[in-house]
Amino acid sequence: MTIELYVFPPSPRSFKVMAIANHLGLDWTLQFVDLPKGDQKTPQYTALNPNMRAPTLTDGDYVLWESNAIAQYLASKRPESGLMPRDERGRLDVTRWQFWDLAHWDPAQATVIFEYVAKPFIVKGGEPDLAAVAKATELFHRAAKVLDAQLRNRKFVTGDTLTLADFSLGAPLNYAEMGHYPLEPYSEIKRWYGALSAMPAWHKTLAQSPLLAAPAA
Ligand SMILES: N[C@@H](CCC(=O)N[C@@H](CS)C(=O)NCC(=O)O)C(=O)O
């Protein structure tokens, strides 16, 4: 049975699951969910994902939504990859950073991505709301300080091996430039993202995401 990933490739939450599937060399097909067109609200899609959001995974009759849960499912297909450690503490460390992603890192970036990327290039919806950006920037600094400190003396987020945590937390940084992220003080984050974005699976996934492969002028 082939895994189907229902994704909107420009979205970091979609990017992360696509990049993991590519890194693991899984047999998967891309089902494009055209968010600006409203595909996520169709009865066919809401039957899979009542949240009306992407991504969603199907594997035969099995349906799963929430990008970090999908990430864990994909890793379970290749336990030998090490993307999800098998020992309890290692597994919880990765899970902890994926929870932190949802609670702190993703929200800090969702606003700037919406204001600086989605508005001009996807929904074509006007000028950035600078008050919203200022609030999100505060959240960004608070979270970035934590991540930058964690990366000091570690190659990757949880140690010297690549795990799901790196995919989850690295994906939104594809928009660092377009989203005007204030990354200057965070040399560890820049070093780590440089290593992630050099991986063949990252390149392959960027090429599957038109906005990221060739940002609009
Ligand atoms: N926590 C969810 C968030 C999913 C989410 O918000 N996806 C956005 C794309 S970036 C979406 O589908 N938005 C469509 C909408 O709100 O109509 C996950 O990580 O999967």
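Remember, it's a predicted structure, so these values are computed and weren't measured experimentally.

Quick notes on the rules
- Residues numbered from 1 in each chain as written.
- Predicted model: local features only at pLDDT ≥ 70, side-chain atom pairs only at ≥ 80, totals over all residues.
- Heavy atoms only, no water.
- Pairing = 2+ DSSP bridges.
- Helix = DSSP H or I, 4+ residues; strand = E, 2+ residues; numbered from the N terminus.
- Axes fitted to C-alpha atoms, helices over the stretch in contact; angles between N-to-C directions.
- Contact = heavy atoms within 4.5 Å.
- Core = buried A, V, L, I, M, F, W, Y, C linked by side-chain atoms within 4.5 Å.
- Buried < 20%, exposed > 50% of the residue type's maximum accessible area, 1.4 Å probe, protein only.
- Domains from an automatic or database assignment.
- Near = heavy atom within 4 Å.
- Polar contact = N/O pair within 3.5 Å; in protein donor to acceptor, adjacent residues only side chain to side chain.
- Areas by Shrake-Rupley, 256 points an atom, 1.4 Å probe, with all protein chains shown as cover.
- Nonpolar A, V, L, I, M, F, W, Y, C, P; charged D, E, K, R; others polar.
- Phe/Tyr/Trp six-rings, centres within 6.5 Å; stacked < 30°, edge-to-face > 60°.
- Parallel < 35°, antiparallel > 145°, perpendicular 65-115°, else oblique.
- Left-handed = near helix turned anticlockwise from the far one by under 90°.
- Buried area = accessible area lost by both parts, 1.4 Å probe.

**Regarding the sheet that holds strand 3 (residues 56–59)**
Spatially, 2-1-3-4 is the arrangement adopted by the four strands of the open sheet, whose pairing is mixed. The open sheet has two edge strands with one neighbour each: strand 2 (28–32) and strand 4 (62–65). Within this sheet the neighbouring strands show an average axis-to-axis angle of 20°, counted without direction. Direction of pairing for strand 1 (residues 3–7) relative to strand 3: antiparallel, over a ladder of four bridges. The residue of strand 3 that forms the bridge with L5 is L57. Running over the sheet, helix 1 (residues 12–24) touches strand 1 and strand 2 and is turned about 155° from strand 1. Across the sheet, helix 3 (residues 67–76) lies against strand 1, strand 3 and strand 4, angled at about 135° from strand 4, the strand it touches most.

**Focus: the nonpolar core**
L5, L74, W105, L147, Y181, I189 and W192 are the most contacted members of the largest nonpolar core, which totals 61 residues. Looking at which element gives the most residues to this core, the answer is helix 4 (residues 88–123), with nine residues. Formed jointly, this core draws a minimum of three residues from each of two domains, domain 1 (3–81) and domain 2 (88–203). Among residues more than four places away in sequence, those in contact with L147 are W97, W100, W105, V157, L169, I189 and W192. Counting residues in each nonpolar core, the second largest holds five residues, with Y6, Y45, L48 and A54 among its members.

**Some points on the site of the ligand**
As a structural note, the neighbourhood of the ligand is formed by S11, R13, L35, Q40, M52, R53, A54, P55, E66, S67 and L102. R53 places a polar side-chain atom, nitrogen or oxygen, 3.1 Å from an oxygen atom of the ligand. Here E66 contributes a side-chain N or O atom positioned 2.8 Å from a nitrogen atom of the ligand. The fraction of the free accessible surface of the ligand (520 Å²) that becomes covered by protein chains is 78%. The residue inventory of the shell around the ligand, partitioned by class, reads five nonpolar, three polar and three charged.

**What to know about the packing of aromatic side chains**
As enumerated under the stated definition, the model contains 11 aromatic pairs in all. Every member of this aromatic cluster is reached through a ring pair, and the members are W97, W100, W105, F140, Y181 and Y186.

**Some remarks on the packing of helix 1 against helix 8 (residues 200–207)**
When two helices pack together, their arrangement is captured by the angle between the axes and the distance separating the axes. In contact at an axis separation of 8 Å, helix 1 and helix 8 are set at 130° when each is read in the N-to-C sense. Classified by the angle their axes make, helix 1 and helix 8 are oblique. Considering how the two elements wind past one another, helix 1 and helix 8 form a crossing that is right-handed. In contact with F15, M18, A19, N22 and H23 of helix 1, helix 8 contributes A201, W202, K204, T205 and L206. Tallied by class, the residues present in the contact of helix 1 with helix 8 amount to six nonpolar, three polar and one charged.

**A few points about the domain arrangement of the chain**
For an interface, size is often stated in terms of accessible area lost upon the parts coming together. Partitioning the chain into structural domains gives domain 1 (3–81) and domain 2 (88–203). Each of domain 1 and domain 2 has a C-alpha centre, and these two points are 20 Å apart. At the interface, 16 residues of domain 1 touch 18 residues of domain 2. For the pairing of domain 1 and domain 2, the buried interface totals around 1500 Å² over both sides, and the portion due to carbon and sulfur atoms is 64%. Among the residues of domain 1 in contact with domain 2, P12, F15 and N68 are the three that bury the most area, contributing 31% of the side total.

**Topic: helix 3**
For helix 3, a buried count of seven out of 10 residues is recorded, marking the element as mostly surrounded by other parts of the structure. Those residues of helix 3 that sit buried are S67, N68, I70, A71, Y73, L74 and A75. Looking at the buried positions of helix 3, the neighbouring elements they touch are strand 1, helix 1, strand 3, strand 4, helix 4 and helix 6 (164–170).

**Describing the packing of helix 5 (residues 130–151) against helix 7 (residues 187–197)**
Their axes nearest at 8 Å, the elements helix 5 and helix 7 cross at an angle of 70°. In terms of axis orientation, helix 5 runs roughly perpendicular to helix 7. By crossing handedness, the relation of helix 5 to helix 7 is classed as left-handed. Residue-level inspection shows A144, L147, D148 and L151 of helix 5 in contact with helix 7, the latter providing S187, E188, I189, R191 and W192. Its residues placed into classes, the contact of helix 5 with helix 7 shows five nonpolar, one polar and three charged.

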